[in-house]
Amino acid sequence: MIDISRRHVFLIPAIFLGLLISGPTAPRDDPASPDDPVGPLLWPEEQQNFWFEGPAWLLPEEEREELLSLSEEARGRRMEAFLERDPLPKTPRNELREAIRIRRELMFRKSLSAFDERGRLLFLRGRPDERTIIDCTRAFEPLEIWRYGEEHLILYRPGGKGTYRLWLPLESKRVLYTREMELWLEEWEEVKGRVRGRRMDRRLCPEAGEVDRAAGISGLSRETEHRPRSSDLLRYLDAPSDLVAWVRKASATRLPPSGKALEIAGLETIYRERRGFLMDTALVLTFPPDASVETFAEEDEEEVRLVVDGVVETAEELLDEYRVRFVLDPPSGDAPIRLLLTEELRAGAPYRIRLRVTDEVGGGEARLHQTIRVPEEPDDRAGDDLDLAALSPDQRLDEQLKESPHGLVLLVPPREVVFGGMRARAAVRGSRIEEVVFSVDGEPRITRTAPPWTAELVLPKIPRPLIVRAEGLDDEGELVASDEVFLNQPRGRLSVEIVSPERGAHPDGPFTAEARITVPEGRRVQEVRFLLNDASMTRLSEPPWRAALPEPRGSELSFLTVEAELDDGSRAEEVRFLNTPYEIGEVDVQMVELYTTVLGRDGGMVPGLEPEDFRVLEDGRPQKIEKFELVEDRPLTMGVALDVSASMFASLREAHRTAVEFLDRIIGSRDQAFAVAFSSEPLLAMPRTEDVGAVAAALDDLRAEGHTALHDTVVFSIYYFTGVEGRRVLVLLSDGDDTDSRLEFEDALEYARQSPVIIYTIGLQNDALDVRAKWKLRKLAEATGGRSFFISRAEELSGIYRQIERELASQYLLAYASDQTGLEYRRVEVEVKRRGLDARTIPGYFPGSGPTSRRDDPAVP
């Protein structure tokens, strides 16, 4: 056995949970289809390199599509024939291969994925004449401006995540701004001429003028005479029309000198354990004992410093990229250097992994590209020849307790949403700890003076972020060890929301700022910083994310910034402007967003409606529609909550099948789905994912048993939407009334009413579905703008799901700025002026929660 100590191995958490691929897989020798997204990952390595690493970009689009339809043998011949073209036959060497090598190296030295359009530009067009990085996160999404000759190209990361793409004027300039700045510029344009001073983005970002010039658009929408055409920009991503000219230019590209090469002995994949549809996978990167890795010496300490840049791709997209730094003890004797990475990948799915390892001390570099196909079952040996640290909770606990002779680790249920109450347990090591104090949000709740160190904690009945802490004290009351857990962390795309102070605030003294952080699955917050006018005020490493701040300077415009950094280095921030001119503050209102379903007499979709076809009333007062669109292109997050209590035994298989078929039809490339199974308590069967196959695999393991916690499930499911933007829909199927919930129905109904989630309920009628249960399902749907259905047999579910599908395809988004003040509940009505049409939306909302565009999360009392 080879001992890999904790100092020699850096474990990367499972960062790929939920980053999954879908689509059918095919045997390697079968012809691929243009509709088969997995095919290229099953090609031989040389063909993969051709497709993913540049040469395929030199082909016209129709030739690329033809490659996908060829058999492996025919495809290989076609690729080899292209590479053997000699554009300059009078010379002794093949300049095409040399040009491809140089441009590929140019792309790889920047660690760019094939799906990052900056990499494609480097390969096709070479280095830009000028590259400007716009580092103004208060105003813009991450973006760069590349200049080729007189043409300026804007490359940006949509929504601040994923890979960079080329901005096109047809997308509108709004996508380049942060959401906060977009709202500010809308208001600025409304009061233009009444407020003096520079535009807000120009105040905060000196390069905003450069973005205006490159886009040919000033501010949000004022076009200039230099506005480029999308077709002119797209040609920079086209295959070269003159391959000879491309070869001449690419061959002349000068590369900086390379560092000395590091030798990699290999990358070993060990599939250790299958957990549902995911496979716990270890990647062991091995360097031979004689690898030319240099050591850094300081006083009596020596260490090896290696940096790994990793990329994981499917045939269609970049799934994730990361950088991690290893600080290792120098290897002794003939021992190799091993770097261990752990991931959770979907069983049965292929992935393309690219790694670049850099020696920080000696400057050497090694690269490795490898395609893996995760098996359906784990390895029999599961790394028996290596001492890999298994990641089960008990073994992690042992490791934590070994760090000190007197330690404590807090154990809580591994649930995504916890409310009402729970049992906490403290694992204690050593003899000094005489009592354990359990607290919730800093308030001591229960003290135990003898084992077992357990506590039944009463929590708020409505879920919200909480900190549960356990402190071990000695016989004199001195703290020996402690541990705490953050519960109900909002999950979704990384975002920061400033909860207080409110927009337009004018603090007249010291004030308290508070933020809510939404964190992606599998990640944790490293640090949160509060800044006032760019001066750092407070740094926090654990919630609550709250800081006491001094009074802003006089009456001048000031800005509060809250920045969050995760453990993988990713960042997000939000800005709140203080002491704003009152002319702007007066137009800083919430837009009420109404997702409205419109159906004809036949129950079918009604396209082609215009704003003038609708009338919106709030508490009987007509409202002006400010924003209107058919929402078929808006991202959708769909939750499916299935009753798996014992009474569902005969219907569960059909319920599972029809739900998966429904999701398969409705979930597109920009959408996500998740599944909740509930009997005596709700459980998250599958986190949010784009992969319907993953949801199907999770539901396939469900068994019918236990009672029914309907009320708790409604609240659990709605809270899981926290941090999600766009359309949010929950479909809930049950065959009986509640028997096991902690919550009363009135609490669940009120929570649903204050949320932005549309709920469709389906009642499967049997002896347990009495009048009271049917009434609850109807009320939940009515209160959220959904619809309730009741069927006698599970075989009718397919038709019900198709009705829901039609309704979701018939939705319009109507937004208006309410003309009312106050925090009372407001009734909403939407009328269609055309005869024979029926409009349905939420019946009302509470200001500050529900369907507003400024605050999307459910209200958390």
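Residues numbered from 1 in each chain as written. Predicted model: local features only at pLDDT ≥ 70, side-chain atom pairs only at ≥ 80, totals over all residues. Heavy atoms only, no water.

1. A closer look at the environment of T739
What counts, and what does not: Going along the chain from the N terminus, every DSSP run of H or I of four or more residues is numbered as a helix, and every run of E of two or more is numbered as a strand.
Tracing the sequence through the fold places T739 in the loop between β36 (727-734) and α16 (745-753). Once the C-alpha coordinates of T739 and A709 are considered, the two residues, 30 residues apart in sequence, prove to be 6.1 Å apart.

2. Notes on the nonpolar core
Using the following cut-off: The nonpolar core is taken to be a set of buried Ala, Val, Leu, Ile, Met, Phe, Trp, Tyr and Cys residues, with the residues joined through side-chain atoms within 4.5 Å. Only protein chains enter the calculation, and the probe is 1.4 Å; a residue is then buried if its accessible area is under 20% of its type maximum, exposed if over 50%, and partly exposed in between.
Ranked by size, the top nonpolar core spans 45 residues in total, and within it M638, L663, I762, Y801 and I804 carry the most contacts. Of all the secondary-structure elements, those providing two or more residues to this core are β33 (636-643), α13 (652-666), β34 (672-678), α14 (692-700), β36, β37 (758-764), β38 (788-791) and α18 (797-808). Examining the composition of this core, we find that seven residues originate from one element, α13, more than from any other. In terms of nonpolar packing, the next biggest core, distinct from the first, is built from 42 residues, A56, L121, W146 and A250 among them.

3. Structural notes on the pattern of salt bridges
Once the charged atoms of two side chains with opposite charge are near each other, the side chains can pair. Condition: We define a salt bridge as a side-chain nitrogen of Lys or Arg found within 4 Å of a carboxyl oxygen belonging to Asp or Glu.
In the structure shown here, the tally under the stated rule is 60 salt bridges. Where R101 meets E98, a salt bridge forms, and the shortest distance between an N and an O atom there is 2.8 Å. Of this pair, R101 and E98 both sit in helix α4 (residues 95-108), separated by three residues, roughly a single helical turn. Taking relative accessible area as the criterion, R101 reaches 44% and is therefore assigned partly exposed. Judged by its relative accessible area of 25%, E98 falls in the partly exposed class. The shortest N-O distance in the salt bridge between E144 and R131 comes to 3.0 Å. Highlighted residues: E144 in strand β2 (residues 143-148) and R131 in strand β1 (residues 130-134), separated in sequence by 13 residues. By relative accessible area, E144 is classed as buried at 3%. Under the relative-accessibility criterion, R131 is labelled partly exposed at 44%.

4. A look at the sheet that holds strand β24 (residues 525-532)
Selection rule: By this definition, two strands are paired if DSSP reports at least two bridges between them. Orientation is described by axes fitted as lines to C-alpha atoms, over the contacting stretch for helices, and by angles from 0 to 180 degrees between their N-to-C directions.
As summarised here, the arrangement of the four strands in space is β25-β24-β27-β28, forming an open sheet in which the pairing is antiparallel. Edge positions in the sheet fall to β25 (535-540) and β28 (571-578), since each of these pairs with one other strand and no more. Between one strand axis and the next, the sheet turns by 20 degrees as a mean value, whatever way the strands run. Of the pairings in the sheet, the one linking strand β27 (residues 558-566) to β28 comprises eight bridges and is antiparallel in character. Of the residues in β28, the one forming a bridge with E563 is E573.

5. Some points on the packing of α4 against helix α10 (residues 243-251)
The relative placement of two packed helices is expressed as an angle between their axes plus a distance between the axes. Selection rule: Roughly parallel refers to an angle under 35 degrees, roughly antiparallel to one over 145, roughly perpendicular to one between 65 and 115, and oblique to any angle outside these ranges. It is the rotation of the near helix from the far one that decides the hand of a crossing: anticlockwise by less than a right angle makes it left-handed, clockwise makes it right-handed. In this analysis, two residues are considered to be in contact whenever any of their non-hydrogen atoms come within 4.5 Å of each other.
In the contact formed by α4 and α10, the axes pass within 8 Å of each other and the chain directions differ by 55 degrees. Between α4 and α10, the angle falls in the class oblique. Of the two elements, α4 crosses α10, and the hand of that crossing is left-handed. On α10, the residues that touch E95, L96, A99, I100, I102 and R103 of α4 are L243, W246, V247, K249, A250 and S251.

6. Considerations on unusual backbone geometry
P452 follows P451 through a cis peptide bond whose omega is 0 degrees. With respect to the secondary-structure elements, P452 resides in the loop between β18 (443-448) and β19 (454-458). S500 connects to P501 through a cis peptide bond whose omega is 5 degrees. Along the chain, the position of P501 falls in the loop between β22 (495-500) and β23 (511-518). A positive phi is found at D619, a non-glycine position, where the angle reads about 50 degrees. Positionally, D619 belongs in the loop between β30 (614-618) and β31 (621-623).

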